[in-house]
Each structure stands twice: as C-alpha cells, then as structure tokens.
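Letter by letter, the chains look like this.
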Amino acid sequence: KALERFEEFADKFDENPDFIYQSQEVPLPTRRWISTWMIAASVVLGLLIGAWILQDTIIYQTHTTAFGETKSLLLSDHTKVTLNANSSLRVPRFGFGTKTREVFLTGEANFAVTHKANNQQFIVKTNKGLEVIVLGTEFTVYSRKQGSKVVLSKGKVQLRYQEGKTQKQLMMKPGDLVTLDPINHLKQEVTKQPEKYAAWKDHRFIF
C-alpha cells in the first residue's frame, strides 16, 4: 500500500512538478479544524481562569459593612448576626445549614446561634487561624490586625487556635473574655458585663 501511494504521488509529480510544493501545505480543512480547536481551547481556558478568579463570588455570599455602618443579618439556619463597621462575613451559598454551618469573619460581629435538632456545630473562622465552635449560644467575635477577641454572653463555645506550631483549644463559659495578640498569645479573664462588648450593635457607646 505504501508503494502504491508513492507511485500515485510520483505520477502526479510527473504531470505537475509544482505539485510537491503544493502538497507540503496543510490542507484547508485541516487548517480550519486546528483553528476551531484553538479557539475552543482559548474559550475553555478563559472560562477556567475566570472561574478561578471568581470562585469566592461563586461559592460564597459576602456581606460587608463600611466605616460607621452596622448591618443585621438573618442566615438561612435562622442564626442572627449583627455585623459591626468595616467588617465582612462570608457565608457558603450551597449546603449551608445542611452540610455545613461554617462562616468566615473579618472584623467584628455578634452571633445569636440557633440550636439545631441534630446538634450541628456552628463554626466561625477568622483569618488569624481562630475558630469559634458552638452549638447554640450568643457571643461576639473580634478579629482585626491588632489581635482577636471573643466574649461569651450565653451558652458554651470551644475555641481552636494556633500558637506557634501548636494547635490549642479552650472551652469558654458565659462571662469569659478571651483575647489573643497578633501572634496568638492567649489571655483569659471574666467580665461581669459581657453584653457591654456588643453594645455597638444597639448603637451605644460605653465609657
């Protein structure tokens, strides 16, 4: 078969010597096929890059407040959140209240968590590596550059935090005030008025 193809090629060359140069070009249908696939690959690549850049927008709904602004939120699991000024809260768009109850806080917020019949945990995560794990309670979380703070008003929460290379945890009781400095050194004390640390949500200043 190879010899037959060569003889056919040789015959065409004898008839038209320029044929050899023409035959070396990529046939038009092949060029179109390559061009189509290059366009398709570019579109797919663009979509993948766009999805990667916008993944937070797709996966999470982000609630934000400006300076001097507070905002009240009711999450789909009926947990009430009051977001303090210059803060943000990311909540999963899919599966929240069923598969997970994890939220991500930057800034400060007060939470009144609704207890679920299956005892599903509610977890507040911060960019400082601090996690507040609750079942049903009321507390305030503060997480900014100068450090973090958790004040428990009602119920019981567990803290998980990273100090150096060591993962630590602490159980809090109502009235407990826990502060962490920028390198996550922890200080625990008791306050008789835990509600004053959330006075901002009622637009009150306490001096």
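Up top is the structure.
Structure report, in brief. Given the structure is predicted, the values throughout are model-derived calculations rather than measurements.

Cut-offs and rules
Residues numbered from 1 in each chain as written. Predicted model: local features only at pLDDT ≥ 70, side-chain atom pairs only at ≥ 80, totals over all residues. Heavy atoms only, no water. Helix = DSSP H or I, 4+ residues; strand = E, 2+ residues; numbered from the N terminus. Buried < 20%, exposed > 50% of the residue type's maximum accessible area, 1.4 Å probe, protein only. 1 Å grid on protein atoms, 1.4 Å probe; cavity = no way out; pocket = protein on both sides within 12 Å on 5 of 7 lines; lining within 4 Å. Points joined across faces, edges and corners; volume = space filled by probe spheres on them. Nonpolar A, V, L, I, M, F, W, Y, C, P; charged D, E, K, R; others polar. Pairing = 2+ DSSP bridges. Salt bridge = Lys/Arg side-chain N within 4 Å of Asp/Glu carboxyl O.

## Quick word on unusual backbone geometry
Residue N119 is not a glycine yet carries a positive backbone phi of 60°. Turning to its location among the elements, N119 is positioned in the loop between β5 (102–112) and β6 (122–126). With a phi angle near 60°, H203 is a residue other than glycine that sits in the positive phi range. Along the chain, H203 turns up in the segment after β13 (186–190). The exposure class assigned to H203 is exposed, which follows from its relative accessible area of 62%.

## Focus on the layout of surface pockets
Roughly 230 Å³ of volume is contained in the largest pocket. In terms of lining residues, the largest pocket is bounded by E108, T140, Y142, K149, V151, K196, Y197, A199, W200, R204, F205 and I206. When residues of the lining of the largest pocket are traced back to their parent elements, those giving at least two are β8 (138–144) and β9 (147–154). Class assignment for the residues of the lining of the largest pocket results in seven nonpolar, one polar and four charged.

## A word on the pairing of β8
Here β8 lies mainly inside the structure; five of its seven residues are buried. Two elements, β5 and β8, share six bridges in a ladder whose sense is antiparallel. Bridging from a neighbouring strand, A109 pairs with V141 of β8. Sheet analysis places β8 next to β9, joined by seven bridges and oriented antiparallel. Paired with Y142 across the two strands is K149, which belongs to β9. Turn length for the β8-β9 hairpin, with the two strands adjacent in sequence and antiparallel, is two residues.

## Points about the pattern of salt bridges
Considering all chains together, one arrives at six salt bridges under this definition. For the salt bridge of D77 with R101, the shortest nitrogen-to-oxygen distance reads 2.7 Å. Placement of D77 in the loop between β2 (71–74) and β3 (80–83) and of R101 in the loop between β4 (88–92) and β5 is noted, with a sequence separation of 24 residues between them. Grouping residues by exposure puts D77 and R101 together as buried. Where R160 meets E131, a salt bridge forms, and the shortest distance between an N and an O atom there is 2.7 Å.

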